[in-house]
Each structure stands twice: as structure tokens, then as C-alpha cells.
Amino acid sequence: MFLNADEVPQNTVIETDICVVGSGPAGLSFAREFEATGVRVAILESGALDIDDFAVSLTEGEVVGLPYPDLTAIRQRVFGGAGIHWGGNVRHLEASDYDHRPEIGREGWPFSQDTLRPYYKRALEFFGLPSNSFDRAHWSKKNGKPWRFKDRNVVSQIFHTVGEDTYDGGKYWRQLFRSSRNIRVYLSATVVDIVADADVRRIEKLEVAKRDRTRFTVRATQFVLATGGIENARLLLLCDKQQKAGLGNDNGHVGKYFQEHLTNPNFAFLIPSDPHLNLGFYKGQSLPWGDAWGVLRLSDEILKKHALSNIRFQLATITNTFNENIESDGMVSLGRLADPSNMFPNEDILKHVANVIADIDYVASAGYERLTKYPNYPMKKVDVVGIGEQLPNASSQVRLGRERDVLGQQRVVLDWQVTETDNDIVRKTVKLLAQFVGQSKIGRIVDQIPPGVFADVPPKPHFHHMGTTRMHDNPKKGVVDGNSRIHRLENLFVAGSSVFPSSGNANPTYTIVALAIRLADHLKKVLGR
Amino acid sequence: MKGYRPSRRHLLLASCSVLAIGMATRASIFGGPARIVRALTAFFPNPDSARKIGEAVVAVPDFSLGSGDAGDRLDRSLGLVQWEDSGGSPDELRARLNDLVRADYASGRIHPVAGCYLSETEINLCLAALEITA
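S.K.: Can you explain the sheet that holds strand β9 (residues 190-196) of chain A? Please cite residues and give values.
M.R.: Residue and element names in this part refer to chain A. Read from one edge to the other, the open sheet built from four strands follows the order β2-β11-β10-β9, with strand pairing classed as mixed. The sheet is open, and its two borders are formed by β2 (13-15) and β9, each paired with just one other strand. For this sheet, the mean angle separating the axes of adjacent strands, direction not counted, is 25°. Two strands pair when backbone bridges link them, and β9 and strand β10 (residues 203-209) are joined in this way by six bridges, in the antiparallel orientation. Among the inter-strand pairings, A196 is bridged to a residue of β10, identified as I203.

Here it is as C-alpha cells:
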């Protein structure tokens with residue numbers, strides 16, 4: 001059931017069992033688990049059913065540190081939240097992403113991938129994906145075999161892209177909750193304070209502002225913050241009446257360790273040794289729910305041996321990797337090499353020569369055949385895009401600024417920072433990829449990373465906001481425990497990627513939903529359901 | 001290489017350079033024994049490309065693959081004298097080159113040349129091509 005908060009009389013006190021703040025993928029997938037259970041759930045969404053200027057103004061903030069788009073453009077304060085502009089990429093975190101990795105200064109998760117496995121399975125159903133979605137053998141048969149790397153130093157994995165026809169954040173959720181009898185969605189309801197008991201051990205109520213700035217109150221037995229990776233931290237920091245540093249911020253971790261997925265659009269390109277190199281596994285294919293396509297990454301053993309974070313290699317994007325323009329580069333080079341008199345003296349020689357050098361076996365035999373007998377056969381140049389894990393560092397953070405929004409709340413400041421370790425890892429990773437690609441006779445890698453890496457060309461953000469209320473069983477090292485409960489507070493939980501202690505290279509939404517389902521199961525037990 | 005005078009070693013180097021890079025050469029450049037000419041002409045003729053890579057290597061500041069010139073390094077690693085004494089089979093030379101390149105990649109002996117990661121053997125071949133034809 002949808003309700004407009006502006007129609008709730010001032011100073012009303014709403015009683016419910018669970019109060020969820022935010023209606024993005026985390027909050028809604030959590031609430032969905034309570035549909036028809038008899039548990040009363042109130043969802044407080046600051047925005048409306050459609051994007052409107054008032055709500056957008058509440059997302060304004062300041063960007064310092066690395067360049068980042070306007071914060072109003074990359075966050076959606078509307079029913080459906082980030083699900084409205086979600087790209088639809090689905091893959092789970094790898095088992096090693098959960099590990100404590102002291103050699104790269106990374107805390108681990110309080111549990112292993114096995115803990116989340118059943119919830120990932122349930123989340124697949126949520127996205128309308130089949131149970132064998134990540135079965136490499138299955139997709140090898142359908143899409144083509146993945147490349148074979150010697151000693152399995154590079155592994156191939158499947159991603160899915162869920163299309164809008166399958167998952168449209170707004171439409172799907174509207175249909176689901178419109179008829180719900182026990183889940184109420186309050187629109188245009190902005191939480192401005194979280195009030196705990198005198199000992200600050202248990203949350204008693206939320207203060208909610210309407211657009212006319214008058215307020216009402218929501219009391220519940222359990223509270224879940226699901227406002228996004230930036231806003232979760234902001235909201236806790238704003239609640240400074242009972243704890244000066246902000247609620248749940250006893251050890252100063254709220255807002256710290258902001259992580260994004262780091263992208264180098266010009267990471268590298270691959271000159272295949274064999275023009276017949278099968279790209280099918282990585283190009284993927286269209287399916288009823290969207291696309292299934294492959295990526296590469298260095299093996300866990302290599303990541304550990306060389307102290308690296310987890311970067312995936314996409315063979316360009318699924319929409320433009322294999323287009324005619326890219327292939328035509330190879331054809332142009334090929335034509336010029338086949339007739340050296342056509343080569344312009346001032347051209348980038350390497351671009352052409354790299355097409356020829358490839359693998360000795362190939363060039364010395366098949367290459368000659370191809371060049372002489374099939375001069376127009378396209379030699380592919382494959383763009384390699386690196387998308388990877390940012391290591392958590394405390395200087396990368398969100399904090400409160402001086403400016404205030406129309407409701408009197410301090411706006412957020414995003415200070416995104418990467419470290420020299422992140423830069424070193426990118427440099428090492430491209431070299432290792434080049435080594436394994438050459439060793440496996442797949443081709444040669446051309447490094448396009450600038451010397452200063454991210455200092456020269458800032459990473460392209462994905463709007464994946466992670467780590468600002470990170471999970472750790474030790475309160476001195478994290479904000480929430482293994483059940484996503486804020487340390488010291490009995491009944492305040494956080495849903496969403498802000499709890500990620502590490503980010504892996506997978507898009508976060510799938511893991512967000514799996515965690516939300518797990519949290520729902522946990523609270524069902526707490527509530528005796 | 002200034003003052004170039006063809007020698008047996010250089011002729012062999014020329015042949016392996018061209019073999020490895022997938023380019024045979026023009027007999028008029030190298031002259032030499034008939035078997036080398038036969039070996040070279042079995043491959044694609046484009047020595048310009050090898051030289052261009054060699055030039056790119058030379059342009060890298062402080063780039064070094066060890067003592068001596070590229071020809072010396074290849075002479076040692078390929079055992080060119082023994083190769084010729086054993087009959088000078090192009091297939092055997094190709095196999096030796098492949099073994100060296102594989103070993104380079106397996107042990108990470110690779111370097112970016114104008115961005116393109118190449119093995120030390122490949123780089124030596126290109127440098128040798130530059131030395132021989134300069």
C-alpha cells in the first residue's frame with residue numbers, strides 16, 4: 001500500500017514491527033520477504049513514485065578528492081532507488097573476495113561465501129535468472145569455449161545483464177507493494193533523526209519530516225537503514241544528539257573506507273595470435289532475460305602470490321566490443337602490412353607491427369597463409385577494459401559538510417581517494433595479464449595505462465558506493481556485525497553495499513539483494529516468525 | 001649498425017630474425033648461402049616492420065636487456081653455430097625460437113615497447129634486425 005507522507009497529520013505516531021528507511025533494491029528486496037507474513041513493515045521513502053525536484057534537492061552534496069559526477073545525477077531519491085538506473089549486471093562476489101588479506105591491507109568479511117550461497121540462490125529467482133546462471137560449463141556449450149590459459153593463471157567467468165523487460169525497478173515494485181496488506185510505503189517521508197533510549201542501546205523511534213517541514217514519528221521494534229552507500233553513512237552522522245560523532249560511530253568508522261569499482265576504459269588491448277580466436281564466450285548472447293557474457297580475471301593463486309586486488313577484464317563492453325569499427329582497424333593494418341608500400345611513414349608503427357608479431361608459430365605459418373591467401377580477413381583488435389576492486393582506505397570517505405538542505409540537514413561531502421597501492425596493482429596486473437596471454441599463445445597485450453595510472457587519468461566511477469558502514473565482527477574495526485546490526489545498538493540494521501568490507505569486481509546489486517534476504521531471515525527469527 | 005660487413009653470424013641472425021617475426025627477407029639484402037635464402041623466402045617479406053619495432057625499443061630511455069648487442073645475445077641463446085653445423089634446418093630454428101619465447105613468457109621476462117608487451121627474445125630479434133639492416 002502506498003501512502004503520501006504529506007497526508008499524515010503532524011505529530012502522528014505510527015507503530016509498526018519493522019521500519020525500513022529507503023526503497024532501493026536493498027530496502028525493497030528486504031521488505032518483499034515479509035509480504036503476507038503478518039509482520040507489519042513500514043517503508044519510508046524520501047522521494048515519490050517519480051523523480052521530483054524537491055527530492056533531488058535533498059541529494060545535493062559536495063565532491064572533493066577524485067572527480068565524481070554531480071551527486072544528484074548518480075543517486076535516485078525516488079521509489080525504486082538505484083534500481084531505477086541500475087545497469088542490470090549480475091554476478092556474485094568470488095570466494096576469495098571475502099578473505100582477510102593483510103598483505104594488501106584488506107579486512108575480510110565475518111563469513112565466507114558459503115554463508116551467502118543460499119541467499120544468492122534466492123536472489124537469482126528474484127532477478128528471474130535460472131539456477132545454472134554461473135555454470136561455466138553450461139555457458140561454454142552455449143556461447144563457445146573460454147580461452148585456455150596455461151596453469152589456469154587467468155580464469156573466465158560469466159556475468160549476466162538483466163534487461164529492462166525482466167527487471168524494471170519502478171514497475172516491478174509498484175505492482176508488488178500496491179496490493180500488499182502488511183507492507184506500507186510512505187512516500188515523501190524523509191528521516192531526519194534516529195532516536196535511541198537513554199543508554200543508546202536500542203532505537204525507539206524515527207523522526208520523519210514531510211515536505212512542509214512538519215514531522216511525524218515512526219516507532220518500531222526493528223529498524224533497517226537502506227538508503228544507499230553514501231546516505232546510510234550521512235544519516236548516521238547526522239544523528240549526533242546522543243552520540244556526538246554520530247550514531248554507531250563509537251570508533252570513527254562511519255563514512256570511512258568509501259570504495260568504488262575502479263575502471264580504466266583504456267586499460268589495454270589484445271592483439272590475437274589467431275584471427276580465428278573464438279570470442280563467443282566473452283561476447284555472449286542475448287537471452288530471454290537479457291545477456292550472458294564472459295569476463296577474465298587473474299586466478300586467486302596469482303592474486304595472493306603477487307599481492308593484488310581483484311580486477312576483471314571485459315573485452316570491451318558487450319555493446320560495442322565487436323563492432324565493425326574496431327575490426328576495421330585490424331583490416332586497415334592488415335592491408336598496409338600486406339603491402340608495405342602503403343604504410344605511411346609517420347604512422348604509429350607499433351599499431352601495425354603488433355598485428356604481425358603475434359605468436360611466432362602462427363605468424364611463421366598460418367600468418368603467411370592468411371596474409372597471402374585471405375588478405376581481407378579481419379584481424380581483430382580487442383579492447384580490454386579493466387574493472388576492479390578498490391582497496392579500502394580510511395581517507396576515502398563521506399562526511400558532513402557545512403551546507404544544509406531545505407530540511408536543515410547538513411549536506412554530504414564525498415571525498416573519494418585511491419592510493420598508490422591501487423595504482424601499483426593496476427600496473428602489475430596489466431603486466432601479468434600480458435605475460436599469461438603471451439604464455440598461452442593467445443596473443444600480445446598492449447598496455448594503455450598512463451604512467452601515473454589514476455593520478456594521470458582518474459578512474460571512471462560506476463556509482464557503486466561501498467564500505468561506508470563496513471561489516472566486521474570487531475566493533476573497533478567495523479560499523480555493523482555479521483548480521484548487519486550496528487554494533488552496540490540492539491535493533492538498528494544496515495542493508496546495502498555500505499556494509500561491504502571489500503568490493504571484489506562484481507557489480508554490487510546481486511550481493512546487496514542476497515544480503516537483504518539474509519537480513520530478512522535473521523529478523524524473522526528475532527521476531528519469532 | 002655502422003660499417004656493416006656480412007658475416008656468418010649476421011647471416012644467421014638475419015635469418016632467425018626474419019623467421020621469428022614472420023617475415024622473410026630479400027635475398028639482395030642478405031646474400032648468403034642458398035639454404036638461408038630458401039629458408040627466408042618461405043616467409044612473408046616485410047623486414048621494415050621488425051626494424052620499426054627495433055627503433056621503438058631503442059627509443060625507450062635506459063632500456064637494457066643485458067650486456068652486448070642483440071646479435072650477441074641471440075647468438076648465445078640460440079646457439080647459431082651449432083644450428084648451422086647441424087644442417088641449418090628452418091624448422092629447428094623456429095622450434096628453438098619458440099622455446100625461448102615460451103620460456104620468456106613463463107618466467108615473466110617481458111617488457112613494454114611502446115606499450116606492447118614483448119618477450120626479451122622477440123625484442124632481441126627486432127633489435128638484431130635493426131642492427132643488421134641499419
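S.K.: Give a detailed account of the environment of V60 of chain B, specifying residues and quantitative values.
M.R.: All names here are of chain B. Here V60 shows up in the loop between α4 (47-58) and α5 (70-78). You can call V60 partly exposed: its relative accessible area is 25%. Distance in space between the C-alpha atoms of V60 and A114 is 7.9 Å, their sequence separation being 54 residues.

S.K.: Please set out the pairing of β9 of chain A residue by residue, giving values where relevant.
M.R.: Each regular strand displays side chains that alternate between the two surfaces of the sheet. Counting buried residues in β9 of chain A gives seven out of seven residues, a clear majority hidden from the surface. The hairpin formed by β9 of chain A and β10 of chain A contains six residues between the paired strands, and V200 of chain A there has a positive phi angle of roughly 55°.

S.K.: Can you tell me about unusual backbone geometry, naming the residues and giving the values?
M.R.: All names here are of chain A. Notably, V200 is not glycine yet its phi reads approximately 55°, a positive angle. Along the polypeptide, V200 turns up in the loop between β9 and β10. What makes V200 buried here is its relative accessible area of 5%. Phi is positive for S484, which is not a glycine, with a value near 70°.

S.K.: Residue-level account of the side chain of R312 of chain A, with values.
M.R.: Residues and elements named next belong to chain A. Along the chain, R312 turns up in strand β16 (residues 311-314). Within the buried set, R312 has no salt-bridge partner at all; the shortest N-O distance to an opposite charge, 8.4 Å, is to E94. Among the polar contacts made by the side chain of R312, one reaches the side chain of N507 at a distance of 3.1 Å. In this structure, R312 is in contact with N89, F159, W293, V295, L296, R297, V385, G386, I387, N505, A506 and N507, ignoring residues within four places of it in sequence.

S.K.: Explain helix α12 (residues 420-439) of chain A to me, and be specific about the residues and the numbers.
M.R.: All names here are of chain A. Along its 20 residues, α12 runs 28 Å from first to last C-alpha, staying within 8% of the 28 Å computed at 1.5 Å per residue. Of all 20 residues that make up α12, 14 are buried, and the element is covered over most of its length. Directly after α12, the chain includes K441, whose backbone phi takes a positive value near 60°.

S.K.: So what's going on with the packing of helix α3 (residues 113-127) of chain A against helix α13 (residues 509-526) of chain A? Which residues, and what values?
M.R.: Residues and elements named next belong to chain A. For the pair α3 and α13, the least separation of the axes is 8 Å and the interaxial angle reads 110°. On the basis of their axis angle, the class for α3 and α13 is roughly perpendicular. Here the hand of the crossing between α3 and α13 comes out right-handed. Counting all contacts with α3, which are made through T115, L116, Y119, Y120, K121, R122, A123, L124, F126 and F127, the residues of α13 involved are T509, Y510, T511, V513, A514, L515, I517, R518 and D521. Along the lines of polarity and charge, the residues of the contact of α3 with α13 split into twelve nonpolar, three polar and four charged.

S.K.: Tell me about the pairing of strand β20 (residues 443-447) of chain A, and please be specific about residues and values.
M.R.: All names here are of chain A. For β20, a buried count of five out of five residues is recorded, marking the element as mostly surrounded by other parts of the structure. Note: strand β13 (residues 262-272) against β20, five bridges, orientation antiparallel. What sits directly across from F269, in β20, is V446.

S.K.: Describe the sheet that holds strand β3 (residues 18-21) of chain A, with residues and values.
M.R.: Residue and element names in this part refer to chain A. The sheet built from six strands is open, its strands ordered β1-β8-β4-β3-β12-β21 with parallel pairing. The two strands at the open ends of the sheet, each matched to only one other strand, are β1 (2-4) and β21 (492-494). Ignoring strand direction, the axes of neighbouring strands in this sheet form an average angle of 20°. Note: β3 against strand β4 (residues 41-44), four bridges, orientation parallel.

S.K.: So, the layout of surface pockets: which residues are in play, and what are the values?
M.R.: Residues and elements named next belong to chain A. Roughly 310 Å³ of volume is contained in the second largest pocket. Together, R136, S140, K145, P146, W147, R148, F149, R152, V154, V155 and S156 line the second largest pocket. Of all elements in the fold, only α4 (136-143) and β7 (154-162) reach the threshold of two or more residues within the lining of the second largest pocket. Its residues assigned to classes, the lining of the second largest pocket shows five nonpolar, two polar and four charged.

S.K.: Could you give an account of α13 of chain A, naming the residues involved and the relevant values?
M.R.: Residue and element names in this part refer to chain A. Its 18 residues give α13 an end-to-end C-alpha distance of 25 Å, which sits within 8% of 26 Å, the value for a rise of 1.5 Å per residue. For α13, the buried fraction is high: 15 of the 18 residues fall into the buried class. Looking one or two residues beyond α13, the residue adopting positive phi is G528, at roughly 75°.

S.K.: So what's going on with the packing of aromatic side chains? Which residues, and what values?
M.R.: Each aromatic ring pair is described using two quantities: the centre-to-centre distance and the angle formed by the ring planes. Residue and element names in this part refer to chain A. Tallying each qualifying case throughout the model produces 20 aromatic pairs over all chains. An angle of 45° between the planes, with centres 4.8 Å apart, marks the rings of Y120 and Y510 as tilted. Here the residue Y120 occupies a position in helix α3, and Y510 occupies one in helix α13, the gap between them amounting to 390 residues. Each member of the pair, Y120 as well as Y510, is classed as buried. Here the aromatic rings of F281 and Y282 are separated by 5.1 Å at their centres, their planes lie at 75°, and the arrangement is edge-to-face. The same class applies to F281 as to Y282, namely buried. Among the aromatic residues, ring-to-ring pairing joins W86, Y120, F126, F127, F134 and Y510 into one connected group.

Basis of the calculations
Residues numbered from 1 in each chain as written. Chains lettered and ligands numbered in written order. Predicted model: local features only at pLDDT ≥ 70, side-chain atom pairs only at ≥ 80, totals over all residues. Heavy atoms only, no water. Pairing = 2+ DSSP bridges. Helix = DSSP H or I, 4+ residues; strand = E, 2+ residues; numbered from the N terminus. Axes fitted to C-alpha atoms, helices over the stretch in contact; angles between N-to-C directions. Buried < 20%, exposed > 50% of the residue type's maximum accessible area, 1.4 Å probe, protein only. Lys, Arg positive; Asp, Glu negative; His and termini not counted. Salt bridge = Lys/Arg side-chain N within 4 Å of Asp/Glu carboxyl O. Polar contact = N/O pair within 3.5 Å; in protein donor to acceptor, adjacent residues only side chain to side chain. Contact = heavy atoms within 4.5 Å. Expected span 1.5 Å × (residues − 1). Parallel < 35°, antiparallel > 145°, perpendicular 65-115°, else oblique. Left-handed = near helix turned anticlockwise from the far one by under 90°. Nonpolar A, V, L, I, M, F, W, Y, C, P; charged D, E, K, R; others polar. 1 Å grid on protein atoms, 1.4 Å probe; cavity = no way out; pocket = protein on both sides within 12 Å on 5 of 7 lines; lining within 4 Å. Points joined across faces, edges and corners; volume = space filled by probe spheres on them. Phe/Tyr/Trp six-rings, centres within 6.5 Å; stacked < 30°, edge-to-face > 60°.

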